[in-house]
Protein chains: 2
Amino acid sequence: MSKPPDSGRRSERSRRAILDAALALVGEVGYNKLTIEAIAARAGVGKQTIYRWWPSKAAVLLDASLALAGEAGADSGWSGFPDTGDLAADLKAVLRATADEFADPRHDAPARALTAAGATDPELGARFTDQLLEPQLALYEARLRSAQRAGQLAADADVRLVVEMLLGPLTYRWLLRTAPLTHAYTDALVDSVLSGVAKVTVR
Amino acid sequence: MSKPPDSGRRSERSRRAILDAALALVGEVGYNKLTIEAIAARAGVGKQTIYRWWPSKAAVLLDASLALAGEAGADSGWSGFPDTGDLAADLKAVLRATADEFADPRHDAPARALTAAGATDPELGARFTDQLLEPQLALYEARLRSAQRAGQLAADADVRLVVEMLLGPLTYRWLLRTAPLTHAYTDALVDSVLSGVAKVTVR
């Protein structure tokens, strides 16, 4: 079976147009009003083209978010978690950038849509967690293990728990909109996670 | 204008039937497939009765969850946050109970549905946060301020941040289903929040 010589390139152009349309539309109309029809119209493709590649609007958004995450990494020249040897400084730099990303409407709308869809759809939630989230958590874990080797993090600390102590509060405040995500907040979070909040008594 | 003598009691019975039906159905069919029609049929009322009181299925679920939270409090005889004088023990007891509640299907399905709906609907999210969540966070904050007065928590600790350090990781793990919510996990979380995870060096 042979394809026309440029069908791969055309497919890639359509795929890209569909992902861009999905990201733009979810920001404009919100997830609940997002439809496959509107994505197809905006992308200039037929509805069937979308259904050939994706089973649902949530699946389109997941791939769009994966593409966006890849670009964000490429744009910023980010090639991994910083490791300057100063754990607190590195965590603060990354959490500040994460707070800025959550505040960016380009990221906020699709991230809310996927979190919402994944919360009530276990199969989609598992794909979201495995494909989009876990690779990011792995970067935190690698940095924390490096800090354990350097003697900056308790040797018996559960690195997954520490990652959740950093990203859990940030995600909670973002998702529930209980308070603004400022750099002062993320800095205080990093200091509190590292040092603890119990009163240290000198005996 | 006078009402028939028992219309108030009949209304309350209908309201209660609608809330019970909404909770049962969201657990059975999930939020995405939940409809006002199905709630009305299960409750034995007309669709218009529901629309007279609530604008959407999410609004019904919010009131159902508020009723459920009130009952859970009454069932357990819970009249406030424990304050035995031992902050770590009190936090562990409450977080264990919270983990158990998240694992209870009666709570899990409506909580996921409301979190999802609130994530993408700011107006509903604000009601969810103000009416259901903030009263719970206030109980944590009161316990933490008591610990500050007792000299167990750092005097300059931001109590809201500490609450988020406790509930953020738990909620994150629950929502994203990254790992099971065990009592060992919530105990380790409390210890890590209080003591910090940085390696303490003796100088």
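From a predicted model like this one, the values you see are computed outputs, not experimental measurements. (Residues numbered from 1 in each chain as written. Chains lettered and ligands numbered in written order. Predicted model: local features only at pLDDT ≥ 70, side-chain atom pairs only at ≥ 80, totals over all residues. Heavy atoms only, no water.)

Draft legend 1. Broad picture of the packing of helix H5 (residues 87–103) of chain B against helix H8 (residues 159–176) of chain B. Residues and elements named next belong to chain B. Following both chains from N to C, one finds H5 and H8 inclined at 20°, their axes separated by 11 Å at the closest point. In terms of axis orientation, H5 runs roughly parallel to H8. Judged by the twist between their axes, the crossing of H5 over H8 is right-handed. Of the residues in H8, those touching H5 at Leu-91, Leu-95, Thr-98, Ala-99 and Phe-102 are Leu-166, Leu-167, Leu-170, Thr-171 and Trp-174. Along the lines of polarity and charge, the residues of the contact of H5 with H8 split into eight nonpolar, two polar and no charged. (Axes fitted to C-alpha atoms, helices over the stretch in contact; angles between N-to-C directions. Helix = DSSP H or I, 4+ residues; strand = E, 2+ residues; numbered from the N terminus. Parallel < 35°, antiparallel > 145°, perpendicular 65-115°, else oblique. Left-handed = near helix turned anticlockwise from the far one by under 90°. Contact = heavy atoms within 4.5 Å. Nonpolar A, V, L, I, M, F, W, Y, C, P; charged D, E, K, R; others polar.)

Draft legend 2. Spotlight on the environment of Glu134(B). Relative to the helices and strands, Glu134(B) is located in helix H7 (residues 122–149). Sequence-wise, Glu134(B) and Ala179(B) are 45 residues apart; in three dimensions their C-alpha atoms are separated by 26 Å. Beyond its immediate sequence surroundings of up to four residues, Glu134(B) is in contact with Thr178(A), Thr129(B) and Arg160(B). Separated by 2.6 Å, the side chains of Glu134(B) and Arg160(B) make a polar contact. (Polar contact = N/O pair within 3.5 Å; in protein donor to acceptor, adjacent residues only side chain to side chain.)

Draft legend 3. Quick look at the pattern of salt bridges. In this structure the tally under the stated criterion is 26 salt bridges over all chains. Notably, a salt bridge pairs Asp187(A) with Arg96(A), separated by 2.7 Å at the nearest N-O pair. One end of the pair, Asp187(A), is in helix H9 (residues 183–195); the other, Arg96(A), is in helix H5 (residues 87–103), and 91 residues separate them in sequence. Residue classification places Arg96(A) among the partly exposed positions, given a relative accessible area of 32%. The partner of Asp108(B) in a salt bridge is Arg112(B), with the nearest N and O atoms 3.1 Å apart. Here Asp108(B) pairs with Arg112(B), and both are found in helix H6 (residues 105–120), just four residues apart, close to one helical turn. Given a relative accessible area of 7%, Arg112(B) falls into the buried group. Within this structure, Asp83(A), Asp90(A) and Arg143(A) form a network of salt bridges that share partners. (Salt bridge = Lys/Arg side-chain N within 4 Å of Asp/Glu carboxyl O. Buried < 20%, exposed > 50% of the residue type's maximum accessible area, 1.4 Å probe, protein only.)

Draft legend 4. Structural view of the relation of the copies chain B and chain A. Overlay of chain B on chain A (RMSD 0.0 Å): rotation 180°, translation along the axis 0.0 Å. Taken together, the rotation and translation describe the operation of a two-fold axis. (Least-squares fit on C-alpha atoms with pLDDT ≥ 70 in both.)

Draft legend 5. Quick look at unusual backbone geometry. In this structure, Arg177(A) is a non-glycine residue whose phi angle is positive, near 50°. With respect to the element layout, Arg177(A) can be found in the loop between helix H8 (159–176) and H9.

Draft legend 6. Broad picture of the interface of chain B and chain A. With 46 residues of chain B at the contact, the number on the chain A side is 46 residues. Carbon and sulfur atoms make up 65% of the area that chain B and chain A hide from each other, which totals about 3900 Å². The largest contributions to the chain B side of the interface with chain A come from Glu164(B), Tyr172(B) and Val197(B), which together make up 18% of the buried area. Taken together, chain B and chain A are joined by two salt bridges. Where Glu164(B) meets Arg173(A), a salt bridge forms, and the shortest distance between an N and an O atom there is 3.0 Å. If you look at where chain B meets chain A, you find 22 residue pairs in polar contact (both at pLDDT 80 or more). (Buried area = accessible area lost by both parts, 1.4 Å probe.)

Draft legend 7. Looking closely at the UniProt feature "DNA-binding region" (unreviewed entry) in chain A. Taken from the UniProt record, the annotation "DNA-binding region" (unreviewed entry) applies to residues 35–54 of chain A. Structurally, residues 35–54 of chain A comprises 75% helix and 0% strand, and the distance from its first C-alpha atom to its last is 13 Å. (UniProt positions renumbered as here; feature names shortened; annotations may be inferred.)

Draft legend 8. Main features of the nonpolar core. Within the largest apolar cluster, 135 residues are counted, with the highest numbers of intra-cluster contacts made by Ile50(A), Leu61(A), Leu153(A), Ile50(B), Leu61(B) and Leu153(B). Not counting residues within four places of it along the chain, the set of residues in contact with Leu153(A) comprises Leu87(A), Leu144(A), Ala147(A), Gln148(A), Val159(A), Leu194(A), Val197(B), Ala198(B) and Lys199(B). (Core = buried A, V, L, I, M, F, W, Y, C linked by side-chain atoms within 4.5 Å.)

Draft legend 9. Representation of the side chain of Arg173(B). Within the element layout of this structure, Arg173(B) appears in helix H8. Of note is the side chain of Arg173(B), whose polar atom sits 3.0 Å from the side chain of Glu164(A). Engagement of the side chain of Arg173(B) in a polar contact is seen with the backbone oxygen of Pro180(B), the distance being 3.2 Å. Those residues in contact with Arg173(B) that sit more than four places away from it in its chain are Arg160(A), Glu164(A), Thr178(B), Ala179(B), Pro180(B), Leu181(B) and Tyr185(B).

Draft legend 10. How the structure looks around the packing of aromatic side chains. All names here are of chain A. Following the criterion strictly, the structure yields six aromatic pairs over all chains and no others. Judged by centre distance (5.8 Å) and plane angle (90°), the rings of Trp-53 and Trp-54 are edge-to-face. Judged by its relative accessible area of 33%, Trp-53 is partly exposed. Here Trp-54 falls in the buried class, since its relative accessible area comes to 4%. When the centroid spacing of 4.8 Å and the interplanar angle of 70° are considered together, the rings of Phe-81 and Tyr-140 count as edge-to-face. Taken as a pair, Phe-81 in the loop between helix H4 (57–75) and H5 and Tyr-140 in helix H7 (residues 122–149) lie far apart in primary sequence, 59 residues in all. Just as Phe-81 is buried, Tyr-140 falls in that class too. The residue whose ring lies beneath Arg-52 is Trp-53, and the NZ or CZ to ring-centre distance is 5.8 Å. One cation-aromatic arrangement involves Arg-112 over Trp-174; the distance from NZ or CZ to the ring centre is 4.7 Å. (Phe/Tyr/Trp six-rings, centres within 6.5 Å; stacked < 30°, edge-to-face > 60°. Lys NZ or Arg CZ within 6 Å of the ring centre and 35° of its normal.)

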